[in-house]
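Chain by chain, the residues:
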Amino acid sequence: MNPPFSVNTHSLTRRDMLKRCGGGAGILGLAALLSDEFGLVSLPANTFRRGASSQPLLAKPAHFQPSAKRVIWIFVNGGPSQVDTWDYKPRLEKYDGNTLEGFDKFTGFFANQVGGIMKSPFHFTPRGQCGKMVSEIFPHLGRHVDRMAFIHSGFTESNNHSPALFMMNCGQARMGLPSLGSWVSYGLGSGNRNLPGFVVMSDPKGRGLPKGHASNWSAGFLPGPFQGTWFRPNGQPIQNLERRQGVTAEDQRENLDFLAKLNRAHLENQPHEAELNARIESFELAFRMQVAAPEALDLKHEPESIRNLYGMDQQPCRHFAEQCLMARRLVERDVRFVQIYSGGNENQKSWDGHSDIKGNHSGFALETDQPIAGLLTDLENRGLLDETLVVWGGEFGRLPVAQKASKPGRDHNPHCFTTWLAGGGIKGGVSYGESDEIGHKAEVNKVHVNDLHATILHLLGLDHEKLTYTYNSRKFRLTDVGGRVIQKILL
Amino acid sequence: MSFSKLNVLLFGIVLTLSCLNAEPGEITANQFKDKSSKTGSSRSYAFQPLKPIQPPELDNPIHAKNDLDRFILKRLNGLGIIQNSFASSSTLIRRAFLDLTGMPPGRNELAMFDDLASDRKWSELIDHLLVSDHYGERSARYWMDIARFAESSGFEHDTDRPLAYHYRDFLIQAFNMDMPWDRMVRLQIAGDELAPDEPLARSATGFLAAGVFPTQLTEAEFEQARYDELDDMVQTIGVAFLGFSFGCARCHDHKFDPVTSRDYYRLASAFVTTVKSEQRVNVHSDVFQKSFLQWETKRLKLMKAVETANDDQLESVNKKLAAHDKSKPAEGKLPALICSDGVKPLSHHADGRGYPHFYPHVYFLKRGDVDQKGDAVSPGYPNALKQNGKEESHWVTKISENSRIPGRRAALSRWLTDANNGAGQLLARVIVNRIWQQHFGTGLVATPNNFGNQGALPTHPHLLDWLANDLIDHGWKLKRLHKLIMTSSVYRLSSNAGNPSGHSLDPENNHHWRFSPRRLEAEAIRDSMLAVSGLLDRQMYGPGSLNENMRRRSIYYTIKRSGLIPMMQVFDWPEHLGSIGKRTSTTTAPQALSLMNGPLVEYCADAIAKKYGPENSESLPHAITVVWLRILNRKPVDIELQASADFIIRRAETGIDKEQPLLSAFTEFCRALLSSNEFLYLP
């Protein structure tokens, strides 16, 4: 055996080193030895060039001129009650306590706890120029109603959280389909090569993930890179984001270049394996993310005025304020689609107010009202709101009848819910569609989830009927066989 | 809200497969899409009896290694696609090892099977792998996804189930001993009834106990929770064994398939008095010995405590010792989480408030509502899955009147596995398809948990039926089925996608003109890294661990539903809530970050570099070659050798480790190999 190599070798030239490595030079050949770049001439010229091949996340042109470049979706998880938030129903007071004749007790989840009609525990007042009646739980958001378009006639196809979440996120009430954010990433690519195109933030207060978990931001059958990147709610948002101790960016760059060479040589033999290429790309994205993500998410340098605008100085809403501020920093860096879940999984851990609707909704409103209002103000002040679409909505609504409990709640309602949109391309201060007199079912200009998706894609410059992906011989689209753009809320 | 509702969602995506070259009698995609199927007038292929099928004749049978190939080649010939040639020996050995054991071959095995060109040698290799204990671990892990196996109860509290691992150990042993599949199925449903004295039989019923169950229950929820528990059992049995979702029938007659709501409740009633329980079962001798040793160690400590105790302490210490003596493991048995009837139920938070654990009858519930009870039902099976006019009594075996064993599950398990008169033919189709999926990445039916009218159609229906018949005719032996598939020529094809006829006519390779490479699952990635770096602790069986940095195979991670192992999750570990027939396989930046910065690759690369690096080698090229062979199971070609040496030397010059620059650079080289696509994919 040759002498060990643990002598101080840092002053050795590569040529010396090779000699000491025991006769390897003969095999290695001079060209490679002397070349600073990788002079492996027998492989096609582009094989080893970094990032030369197809890059799925590269920005792509829209179908037509978009009015929004990016989306922040505040996902009001658990199913917010329309009649206690934005869909004012004075008739509920009149009928309070009466039995709702003909009510199908299987509408919600708990068929055996159906109570009488229940008025909202909250007071409503007219807000803004448009005079929109707004629940007292949104003192801050009430100031922004002239920027919002309300859809009061939304309905969905499931009364259960996970299928309804899949419906709202993926267009159909079943598991395994691509989410809206993935479709947008697929359609438009990422605006920022150093950050994921589609980011998801979930509850940081230990209340869990939305039901169905990662399926809600899945890429389904679309290529993997279009999947949402879930930011871990505590600690480092992205696991393993920090380089190993003592490894510099330059070290890592060299390591990854070598890995890419191995991978591209491997790909040479199987040029049709798109997934292999995506994995090569994933290392590049990961490399850039190590720098870009901490910088984008670092709120330390935000001035106190901005931090307080979002409510970071308020204990109940600090966590959501941070997430909203991060969302602004992300869209500022052209991240295409950001989704923030308010609330954890179910019952009292989210807006799923089966019992004590008053305590539940006032609590979650307190967590989110100022942060979302701050976000709208901040986006507006920076001139970002015109090109950023902000969506507020959950997976379904809640019933106008009580769910019996010592403190009554409301059960799930797939027949009616309210969603609002603001910013990029949205007409402010308008309400579209109507529910019936007690907010039980959507009645006028009903809006299916596919319609909502078609509208959001339209604002981004994408035709929902043209945004298709062929999978196992069938063309799939987000809106399946439905979808109709709601023109009346567009500028 | 019950997690079991989720099961209803676990339909795969409806796939409209191009049924080119439809054979006579084959259901076409158009028929499949026909709305008339909703009326139940056209019965799904899955419910039709297996037909005796002869492998097709070929004009030129030279490429067919066995009868299985005839089906594949007949289709390809008809399409005008030329099949690829065989993969190289170095690819084949890697493919076979990763496929059957979840780890690449070691050095001795590489030497033993260096040339796989002959059928004899290839056959020897398959035999070698099928007798490996790692085969059972690999097969068990596949089945654990399907069985929604986890070791905690889920819901808000996610209470631990520390004795649940016995079911996992049952699976490993049963697969390794090649227990016939029909028997394995029967034991999972009724092992306690059918063979209470047989080692393993009672552990098998851990299958029924693996579902989620709430820890918090109000009185109003008691009965509903019990129906949810029954639903979890019936639903999992349906999708896991029959590829059929009975769960929808809980609330309404099946919209698409011939199962009524009444069928559902009759199935559920087989479990009317079945409860989760902790019972002493036979365990593997290693597990017993280890447990006994732990018991003895603790006893010695207590003895010492008795010796040194003062008068005040003596009583309590003596009590402890007495209690400990009562828990002495004996007769090779340990307590395990199983399901049975007439036993003490697993304790529950609500016991103090009178939670009954079960009710004396199962009622037909209108729309699944416990407040809308119809009549009490007795066990029965869907008409569509009973043949030759047989009634339920056909599967009942008389049990003595004194027995605490009602025999309802035993009867159900006989019906389920009865290939002549019961559901056995569908059972065979479903498992054959799962095994096909294990080997090729996608099943002949692309929706392994859904053989109903909402699922995908088989790409090769005749092959599916021929394989199912073959399995039944040969005693339901899975190892034989593995070997049949792996000794075909279709399994040995090169993955090269450049074949012009294949690439243009069937880019998705639905017809098997090449082998489709696929990314390894989380377990196989991690286990392979530990294996090639020599760090793998091969200890089998026994309690698992939640320590992410443990060195045992990944199947020995404790599956805590609310505390899944992050490294496994990032590589698409499932949620373990409902049966998963096929995992998703994603490609994400967090996976890359895990390989770049995570601890696993770090310590594996370190170990390899220290052991096989240039300091312990005659030369750098030699060290590169040794490691390359170890990690990727082939020698580097010159150009790769050049590239590697160049990289190592450059990194040794520029790296920050001035103490051991070469070792440090070599470690980075090992890390790159461990992170490479070639390592991460089954070739």
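Residues numbered from 1 in each chain as written. Chains lettered and ligands numbered in written order. Predicted model: local features only at pLDDT ≥ 70, side-chain atom pairs only at ≥ 80, totals over all residues.

J.: Tell me about the overall build of chain B, and name the residues and values.
T.: Looking only at helices and strands, chain B has 28 helices and 6 strands in total. Seen through its C-alpha atoms, chain B measures out along the principal axes to roughly 85 × 75 × 40 Å. Counting over 683 residues, chain B shows a buried share of 56%. Across chain B, every contact between residues at least 6 apart in sequence was considered, and the portion connecting residues at least 24 apart equals 70%. (Helix = DSSP H or I, 4+ residues; strand = E, 2+ residues; numbered from the N terminus. Buried ≥ 20, exposed ≤ 12 C-beta atoms within 10 Å, placed from the backbone. Contact = placed C-beta atoms within 7 Å.)

J.: Before we move on, could you go through the overall build of chain A and cite the residues and values that matter?
T.: Looking only at helices and strands, chain A features 12 helices and 19 strands. Burial analysis of chain A (491 residues in total) assigns 55% to the buried set. For chain A, the share of sequence-separated contacts (at least 6 apart) that also reach a separation of at least 24 residues comes to 74%.

J.: Describe in detail the confidence of the model for chain A, supporting the description with residues and values.
T.: Confidence in the prediction for chain A averages 85 pLDDT; 87% of positions are at 70 or higher. In this model residues 1-54 of chain A is a low-confidence stretch, pLDDT under 50, and it forms 76 contacts with partners more than four residues away in sequence or in other chains. (pLDDT = per-residue confidence, 0-100.)

J.: Outline the nonpolar core, listing residues and values.
T.: Core analysis: the largest hydrophobic core is formed by 303 residues, its most contacted members being L421(A), L427(B), V432(B) and L673(B). A total of 10 residues in this core trace back to one element, the largest contributor, which is helix 8 (residues 274-297) of chain A. Mapping this core onto the domain boundaries places at least three of its residues in each of domain 1 (135-275 + 344-417) and domain 3 (522-682) of chain B. Judged by nonpolar contacts, the second largest core, of 9 residues, contains L92(A), V114(A), I117(A) and L399(A). (Core = buried A, V, L, I, M, F, W, Y, C linked by C-beta atoms within 7 Å. Domains from an automatic or database assignment.)

J.: So what about the pairing of strand 9 (residues 388-393) of chain A? Which residues, and what values?
T.: Residues and elements named next belong to chain A. Across the 6 residues of strand 9, 6 count as buried, placing the element largely inside the fold. Examined bridge by bridge, strand 1 (residues 70-76) and strand 9 share 6 bridges and lie parallel to one another. Counted as the bridge partner of I74 is W392 from strand 9. Where strand 9 and strand 13 (residues 417-423) come together, 4 bridges link them in antiparallel fashion. (Pairing = 2+ DSSP bridges.)

J.: Residue-level account of the packing of helix 25 (residues 620-632) of chain B against helix 26 (residues 638-654) of chain B, with values.
T.: Residues and elements named next belong to chain B. At a minimum axis separation of 10 Å, helix 25 and helix 26 run at an interaxial angle of 115 degrees. Between helix 25 and helix 26, the interaxial angle falls into the category roughly perpendicular. As for how helix 25 packs across helix 26, the hand of that crossing is right-handed. Facing L620, P621 and I624 of helix 25, the residues of helix 26 in contact are L641, S644, A645 and I648. Across the contact of helix 25 with helix 26, the residue classes tally to 6 nonpolar, 1 polar and no charged. (Axes fitted to C-alpha atoms, helices over the stretch in contact; angles between N-to-C directions. Parallel < 35°, antiparallel > 145°, perpendicular 65-115°, else oblique. Left-handed = near helix turned anticlockwise from the far one by under 90°. Nonpolar A, V, L, I, M, F, W, Y, C, P; charged D, E, K, R; others polar.)

J.: Describe the domain arrangement of chain B, with residues and values.
T.: All names here are of chain B. Per the domain assignment, the segments of chain B are domain 1 (135-275 + 344-417), domain 2 (284-331) and domain 3 (522-682). The distance between the C-alpha centroids of domain 1 and domain 3 comes to 40 Å. Listed as interface residues are 22 residues of domain 1 and, on the opposing side, 21 residues of domain 3. Where the side of domain 1 that touches domain 3 is concerned, the elements lending two or more residues are helix 7 (133-146), helix 8 (165-176) and helix 12 (222-242). When residues of the side of domain 1 that touches domain 3 are assigned to their parent elements, the largest contribution, 5 residues, is made by helix 7. In terms of residue class, the side of domain 1 that touches domain 3 is made up of 11 nonpolar, 3 polar and 8 charged.

J.: Which residues make up helix 17 (residues 424-440) of chain B, and what are the values?
T.: Residues and elements named next belong to chain B. When the terminal C-alpha atoms of helix 17 are compared, their 24 Å separation across 17 residues agrees well with the 24 Å that a helix rising 1.5 Å per residue should span. Here helix 17 lies mainly inside the structure; 14 of its 17 residues are buried. Positive phi shows up at G441, right after helix 17, with a value of about 90 degrees. (Expected span 1.5 Å × (residues − 1).)

J.: Just give me the short version of unusual backbone geometry, but keep the residues and values in it.
T.: You will see that D334(A), though not glycine, has its phi angle at about 65 degrees, which is positive. Mapped onto the fold, D334(A) is located in the loop between helix 10 (318-332) and strand 8 (337-342).

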